[in-house]
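Single-letter residue listing:
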Amino acid sequence: MYLVYRSHYHGPLSKHVRRLPDDTVLDWFRRGWHTEDPERWTEEELDDDVYGLTSIFEAAAEHDLPEPRTWEELFAQLYEHLWLEEDMPAALRFDGHALRAKTNDDEAQLAYFFVDDAAVAADPRRWAYPLHEAWPLPAHTLENPDPVFEAGALARIVALPGADGTGRTYAVVLADNDDVSGDSMRCPQPLIFPGVRLPDLARCLRQTPPQDCRDWPDQLRLLRTLTVDGEQTLRPALERANRWWRAGADALLDGTTAGQPVPDRPDRAPHRRDPEQTLIEVDEHLAQMALHADEFFGFEQWFLFDDVWADSHPELAESLLRYATHWDPRQDVGILPSPTGASTALREATARVQQVFAPYRGTDPAEAPTVEPLCAAATAPTPAALKRLLPALFRPVTTSADPAAATALYGSLDRHGARSWPPAELAAVRSFARAHWAAVLYGVLPGDPGRLLAALTRLEPDVCDYLSAWENSDDVGAMTHLAAFIDANAAAIVATEQLAEPLLHDGCPTGLRQIVAWLALGEYRRRHHDHLAAHPGDPTAPARVRIIDSWTAMHSSTWAKLAAAARTATPDGDHRDSNSA
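Fair warning: this is a prediction, and the values are worked out from it, not measured in the lab.

### Describing the sheet that holds strand S5 (residues 109–115)
Strand order in this open sheet of 5 strands is S2-S1-S5-S4-S3, and the pairing throughout is antiparallel. Strands at the two margins of the open sheet, each flanked by one partner only, are strand S2 (15–19) and strand S3 (92–94). Going from strand to strand, the sheet's axes swing by 10° on average, the running direction of each strand aside. Relative to S5, strand S4 (residues 98–104) is paired through 7 bridges, and the arrangement is antiparallel. By the bridge assignment, Ala101 is partnered in S5 with Tyr112. Those strands touched by helix H2 (residues 38–46) are strand S1 (2–6), S2 and S5, and its axis lies near 85° from that of S2. Together, S3 and S4 form the strand contacts of helix H4 (residues 71–81), whose direction differs from that of S3 by roughly 175°.

So, in structure tokens, the structure goes:
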């Protein structure tokens, strides 16, 4: 397995990669659980000081925490005791194979990943770049690679003047975008330039008017300005960009037309950086620069590559785009169906369950359940017995709005260890669960998506994918469900930090805590507020306003509770207002 520490302070690629001897993430944490000196042990193990990581081992000693026996137990311990200076639940993700954590040191965002070999082998298009240890990326290409690489929604298409040939070029900048996003790990969106490959990119950049690239990342706008007529590669422009960066480059972004002479060197020295430390490699289909950006924060990376290189290195290309798009390499794994695709997804998932578990059923009619299916699920004595019943068990769940039905089914899967079933079986069950929840969320099936999600924590201890899909949905029905879910649980969350319905307290504690934290934090409120500000006439406005009002009421109750507690704790009637509380 591996550690990947994504940090602005670590070398030309701003990351530290360490190979570890353990088979699983759980094994590594168990090996250090009782260490007497967590700081020294983690530094020796990881060859680095990973910010905040020792807190879990220190908590294990301070609170005499039991050594975790399963990854689910480890996840619960980490959720409770790992020190992360980012908002939960999104800052800590774990599926048993890949632990991903995001934090900050009050200067910049940091992330670290513990990932086992099974996860890397199963999904190399997410892990190839994070696991690439040293500068530079390989530049060799195949003679006639098959067109296997597609960027999909990971990059934005931008047409360039004169780009009327074959192929396409990708531009990826891994740089601090804090001024724009408030998150130093959220990089500028990658760009795709269709109709041009890297050898001809300089010519097309020179022909691009300044007004056509005002929404490009500053790095690419500067590169456009510094291309000069007659130069056949990007190397001279990259070298000029290195010298100009933080030394007057801002004056060149809009005021100089590409192709015109530009002073080879600025008049003043760059601020807090050393251009001599910058590394540049330019080959036929890949140009890359590790630009020394700051004496404290280190390097940023510029990559420009075309489809020939991407088709020769599809795993590196896709994982690089993903690395620029989100801090978590596994973001959007198992992304939920869309509102229009929810019905089809449910049919396909049901058929998949029928196919995968058909071998367990046999041909004996006596093997069919002779009692009510969910009662049969609750009494199935072995995993094999439950698997034999599964195709029949999923049908009543999709027709009942009663959360007890879903709780019984997903509870049975939990009791019989579904998370450790063979990959094909687990994938079929999870595919059905996600399609089931999406169908309820979008009104294809009756029910309450919030209550169903709490039941699903029995199968999925980490439900951040579900929460992210709900938070980012523009479907009116989904937004209406969210407002109702907030209203139904607000009082219980304020009073007890739990969901209101006792039936739902039997789910996975970590998953339930994720739901409660997500509801209380209210990042979804900010998204809908920003949407209303940008689209005042949007017909979905009433649903968005209801979400904002529901969260605001819950938030006000929380502050009222804190204020009351502060007044009670203050002796002699010395009351304080809620702001000081």
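### Examining the side chain of His10
Position of His10 relative to the elements: it lies in the loop between S1 and S2. Judged by relative accessible area, which is 18%, His10 ranks as buried. The contacts of His10, once residues within four sequence positions are left out, are Tyr5, Lys15, His16 and Asp48.

### Focus on the pairing of strand S11 (residues 298–306)
In summary, the side chains of a regular strand alternate between the two faces of the sheet. Burial runs high along S11: 9 of the 9 residues are buried. For strand S10 (residues 286–294) and S11, the ladder comprises 8 bridges, and the chain directions are antiparallel. Residue Ala290 lies in a different strand from S11, and its bridge partner there is Gln301. Here S10 folds back onto S11 in antiparallel fashion, the turn holding 3 residues.

### A short note on the pattern of salt bridges
In this structure the tally under the stated criterion is 36 salt bridges. Salt-bridge contacts for Arg546 lead to Asp487; the nearest nitrogen and oxygen are separated by 3.6 Å. Of the two residues, Arg546 sits in helix H24 (residues 541–569) while Asp487 sits in helix H21 (residues 476–496), which places them 59 residues apart along the sequence. We classify Arg546 as partly exposed; its relative accessible area is 36%.

### So, the packing of aromatic side chains
Applying the stated criterion across every chain, the model contains 32 aromatic pairs. A ring pair is formed by Phe29 and Phe57, whose centres lie 5.8 Å apart and whose planes are at 20°; its orientation type is stacked. Note that Phe29 is positioned in helix H1 (residues 25–32) and Phe57 in helix H3 (residues 54–62), a separation of 28 residues in sequence. Accessibility assignment for this pair places Phe29 and Phe57 in one class, buried. Pairing Trp518 with Tyr524 gives two aromatic rings, centres 5.1 Å apart and planes at 55°, and the pair type is tilted.

### Some words on the sheet that holds strand S8 (residues 191–194)
Pairing in this open sheet of 6 strands is mixed, and the strands run S6-S8-S7-S11-S10-S9 from one edge to the other. Each having just a single partner strand, strand S6 (156–157) and strand S9 (279–282) make up the two edges of the open sheet. The sheet contacts of helix H13 (residues 314–325) involve strand S7 (168–174) and S11, and relative to S7 the element is tilted by about 45°.

### Regarding the nonpolar core
Formed by 64 residues in total, the largest nonpolar core has its most connected members in Leu390, Tyr410, Trp437, Ile515, Leu519 and Tyr524. The leading source of residues in this core is helix H18 (residues 423–441), at 10 residues. Other than its neighbours up to four places away in sequence, Leu519 contacts Leu482, Phe485, Ile486, Ile493, Leu499, Tyr524, Trp551 and Met554. Counting 37 residues, the second-largest nonpolar core is a separate cluster that includes Ala163, Leu234, Ala241 and Ala293.

The rules behind each value
- Residues numbered from 1 in each chain as written.
- Predicted model: local features only at pLDDT ≥ 70, side-chain atom pairs only at ≥ 80, totals over all residues.
- Heavy atoms only, no water.
- Pairing = 2+ DSSP bridges.
- Helix = DSSP H or I, 4+ residues; strand = E, 2+ residues; numbered from the N terminus.
- Axes fitted to C-alpha atoms, helices over the stretch in contact; angles between N-to-C directions.
- Contact = heavy atoms within 4.5 Å.
- Buried < 20%, exposed > 50% of the residue type's maximum accessible area, 1.4 Å probe, protein only.
- Salt bridge = Lys/Arg side-chain N within 4 Å of Asp/Glu carboxyl O.
- Phe/Tyr/Trp six-rings, centres within 6.5 Å; stacked < 30°, edge-to-face > 60°.
- Core = buried A, V, L, I, M, F, W, Y, C linked by side-chain atoms within 4.5 Å.

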